[in-house]
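# Examination of the molecular architecture
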Amino acid sequence: MHAQAGLHAIPAQVWDRTIKHRRRGVITNPTRFVIDFLPAEVRRITKNGFQLGLIRYWDPLLNQMFPIGTRVLVRYDPRDLSKVYVPSTGVAEYLDVPYADLRRPPITRAELERARSILTEKGERHRTEDQIFAITASQRRIEDTSRQKTRRARRNAERRPSAANKLSKPAGSKSAVDYSRPVIPYKGEEW
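For the structure given in this document, a descriptive report is provided here. Predicted model, so just to flag it, every value in this text is computed and none were measured.

The rules behind the values
Residues numbered from 1 in each chain as written. Predicted model: local features only at pLDDT ≥ 70, side-chain atom pairs only at ≥ 80, totals over all residues. Heavy atoms only, no water. Helix = DSSP H or I, 4+ residues; strand = E, 2+ residues; numbered from the N terminus. Buried < 20%, exposed > 50% of the residue type's maximum accessible area, 1.4 Å probe, protein only. Contact = heavy atoms within 4.5 Å. Areas by Shrake-Rupley, 256 points an atom, 1.4 Å probe, with all protein chains shown as cover. Pairing = 2+ DSSP bridges. Axes fitted to C-alpha atoms, helices over the stretch in contact; angles between N-to-C directions. Core = buried A, V, L, I, M, F, W, Y, C linked by side-chain atoms within 4.5 Å. Patch = residues over 30% accessible without salt bridge, like charges linked within 9 Å, V, L, I, M, F, W, Y side chains within 5 Å. Salt bridge = Lys/Arg side-chain N within 4 Å of Asp/Glu carboxyl O. Polar contact = N/O pair within 3.5 Å; in protein donor to acceptor, adjacent residues only side chain to side chain.

It is worth spelling out the overall build of the protein at this point. When helices and strands are counted, the protein shows five helices and six strands. Counting from the amino terminus, helix and strand elements in the protein follow one another as α-α-β-β-β-α-β-β-β-α-α. Burial statistics for the protein: of 191 residues in total, 23% are counted as buried. At a minimum sequence separation of 6, the contacts of the protein that also span at least 24 residues come to 56%. Of the roughly 15600 Å² of accessible surface on the protein, 54% is carried by carbon and sulfur atoms.

What follows is the structure in structure tokens.
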């Protein structure tokens, strides 16, 4: 007969026994810790930086750190694509690489994907960075207008009188009580 596999103990006690003598790692650089878990894509360095999702990124240190043609792992925060992160050579840090055109507003990955799909629907075969940001700005204006209209509609609905608060009755409705007849008192109990 074979012995049955298993802990044969209370899991919490086994956990305590195992962990008690180990040092827990302390996160010394929380920013790097977060960047390490961001999504990443491999990009090729050119003399003009690199592209990620049709957006060009550039920093003067890129060509000093990496020979042209080098493929690097680029990490990005999907909530803000205005800068991406490239691992620095020799140092355990990241280089923040901004848009090549610093006048561009921050956008999200979702906004980028929406703009790309709108361009595809329009039949644009050669999409450009300018088109991406123009469509994103247009979509933001539509959302802002819609938000204002929604807010205004909600306020207007709150200001409207409700059916219960109407003072005048609609024409043609009959009253449930005929006030022209004399009142007959209700025979109540005597105590």
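The next thing to look at is the sheet that holds strand β1 (residues 40-44). Spatially, the four strands line up as an open sheet ordered β1-β4-β5-β6, and their pairing is antiparallel. Every interior strand has two partners, whereas the edge strands, β1 and β6 (94-98), have only one. Shown here is a sheet whose adjacent strand axes are inclined to one another by a mean of 40 degrees, direction ignored. For strand β4 (residues 71-77) and strand β5 (residues 80-87), the ladder comprises three bridges, and the chain directions are antiparallel. Residue pairing for β5: R75 is matched across the bridge by Y85.

Of all hydrophobic cores here, the largest spans 24 residues; its most connected members are F50, Y57, V84, V97 and I107. When residues of this core are traced back to their parent elements, those giving at least two are β2 (50-52), β3 (55-57), β4, β5, β6, α4 (109-121) and α5 (129-159). By residue number, the principal contributor to this core is α4, which donates four residues. Filtering out sequence-adjacent residues up to four positions away, V97 remains in contact with F50, Y57, W58, D59, L62, S82, K83, V84 and V86.

All right, on to a nonpolar patch on the surface then. Residues I27, F33, V34 and F37 make up a contiguous nonpolar surface patch of about 420 Å² in total accessible area. Tracing the chain through its elements places F37 in the loop between α2 (30-36) and β1.

Next up on the list: the pattern of salt bridges. In total, this model carries 14 salt bridges according to the counting rule given. Note that D77 and R79 form a salt bridge whose closest N and O atoms lie 2.9 Å from each other. Here R140 and E111 are joined by a salt bridge, their closest N and O atoms 2.7 Å apart. Highlighted residues: R140 in helix α5 and E111 in helix α4, separated in sequence by 29 residues. Judged by its relative accessible area of 27%, R140 falls in the partly exposed class. Salt bridges sharing partners connect three or more residues here, namely E41, R43, R109, E113 and R116.

This part covers the pairing of β4. Extensive coverage of β4 is indicated by the burial of five of its seven residues. As judged from the five bridges shared by β1 and β4, these two strands associate in the antiparallel manner. Bridging across to β4, V42 finds its partner in L73.

To continue, consider the side chain of E129. Secondary-structure assignment places E129 in helix α5. Judged by its relative accessible area of 15%, E129 falls in the buried class. A distance of 3.2 Å separates a polar atom in the side chain of E129 from the backbone nitrogen of R56. Here E129 is in contact with L54, I55, R56 and R104, once residues within four sequence places are set aside.

With that out of the way, let us pick up the pairing of β5. Between β4 and β5, which pair antiparallel in sequence order, lie two residues. Where β5 lies against β6, five bridges are found, and the strand directions are antiparallel. Bridge pairing in β6 links V84 to V97.

On their own, these measurements won't tell you what the molecule is for.
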